[in-house]
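# An overview of the molecular structure
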Amino acid sequence: MRLDNKTAIITGGASGMGRAEAEAFAKEGANVVIADLNQEAAEEAAEAIRSAGGKALAVKTDVTNEQDLRNLVETTIAEHGQIDVLVNNAGIFDKYATSLETTENQWDFIFNINVKSVFNLTNLVLPGMIERGNGAMVNIASVAGLVAGKGGAAYTSSKHAIIGYTKHLAASYGKDGIKINAICPGTISTPLIADSLKDIPADAIPVKRFGEADEVAELATFLASDEAKFMQGAAVPIDGGFTIQ
Ligand SMILES: NC(=O)c1ccc[n+]([C@@H]2O[C@H](COP(=O)([O-])OP(=O)(O)OC[C@H]3O[C@@H](n4cnc5c(N)ncnc54)[C@H](O)[C@@H]3O)[C@@H](O)[C@H]2O)c1
């Protein structure tokens, strides 16, 4: 199996793409650690994986809380010895609020979850990966990190920031045997954008449909696995062709 006995933390792993990633990783043999603010949903997702024969643990985590992040890393290492894969997936959306419609508090709220937490958790996980000379990180960005018009001012800026951060990490730590890549999903049918879906024309997408969470999970599995060993610092669109137009 592609992730046999690898330990993977997935933030926001209780819903949408994070949950699909947790299920896909577990099917490939990984010990999955679901780190989510929503404890009930995280426990339920972990239990569903265990019932299907996989290995999963839920750790209640607010990614904006540094103590929670330290607890997540310590709990994972106590349980499994090391962290092989980190998927920075947790994120929130700003429903297309323009710059003038965005308050400073809203900007900070989006950036704390979508960007600063990724920096904080990455810095907690990197030292162990460097020591072992091995590891994989997958940052869930967005097509909103590549083009305008797929989110508001704060969301678009936060996802551009994650792609820049991914490239910086890849350039700095590729030599240490760590592969760090970003995924840029287009419109994927998940609870995050359930309210907005009716206003998004699928017609603007070359394949004329929205994506599914398990399609993104399949790409995340590849990027987390040894098969992707020459992938470094890429921001891979998975968007039904949206960004080619
Ligand atoms: N759905 C889309 O169309 C789409 C497109 C591009 C990128 N993305 C990105 O994909 C990622 C996952 O999105 P999704 O659509 O699966 O969302 P979702 O809302 O279905 O799931 C997000 C999960 O993150 C958790 N979360 C939120 N804030 C948290 C916090 N502070 N600490 C810990 N967990 C927290 C939620 O509880 C939830 O379980 C996000 O980064 C999002 O920006 C989504």
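Structure: above.
Residues numbered from 1 in each chain as written. Predicted model: local features only at pLDDT ≥ 70, side-chain atom pairs only at ≥ 80, totals over all residues. Heavy atoms only, no water.

So, on to the site of the ligand. Residues in close proximity to the ligand total 28 residues, the closest being Ser15, Asp36, Asn89, Tyr155 and Thr190. One of the side-chain N or O atoms of Asp36 is found 2.6 Å from an oxygen atom in the ligand. Here a nitrogen atom of the ligand sits 3.4 Å away from a polar atom, N or O, in the main chain of Thr61. Residue assignment for the shell around the ligand shows that the elements contributing at least two residues are helix 1 (16-27) and helix 5 (153-173). Here the shell around the ligand is composed, by residue class, of 14 nonpolar, eleven polar and three charged. (Near = heavy atom within 4 Å. Polar contact = N/O pair within 3.5 Å; in protein donor to acceptor, adjacent residues only side chain to side chain. Helix = DSSP H or I, 4+ residues; strand = E, 2+ residues; numbered from the N terminus. Nonpolar A, V, L, I, M, F, W, Y, C, P; charged D, E, K, R; others polar.)

The next thing to look at is the packing of aromatic side chains. Tallied over the full model, the rule gives four aromatic pairs. Relative to Tyr165, the ring of Phe119 lies with its centre 6.4 Å away and its plane at 70°, an arrangement referred to as edge-to-face. Separated by 46 residues along the polypeptide, Phe119 in helix 4 (residues 104-132) and Tyr165 in helix 5 bring together distant segments of the chain. According to the relative accessible area criterion, Tyr165 is buried, its value standing at 16%. By the ring-pair criterion, three or more aromatic residues cluster together here, those being Phe93, Tyr96 and Tyr155. A cation sits over an aromatic face here: Lys150 above Phe242, 4.5 Å from the ring centre. (Phe/Tyr/Trp six-rings, centres within 6.5 Å; stacked < 30°, edge-to-face > 60°. Buried < 20%, exposed > 50% of the residue type's maximum accessible area, 1.4 Å probe, protein only. Lys NZ or Arg CZ within 6 Å of the ring centre and 35° of its normal.)

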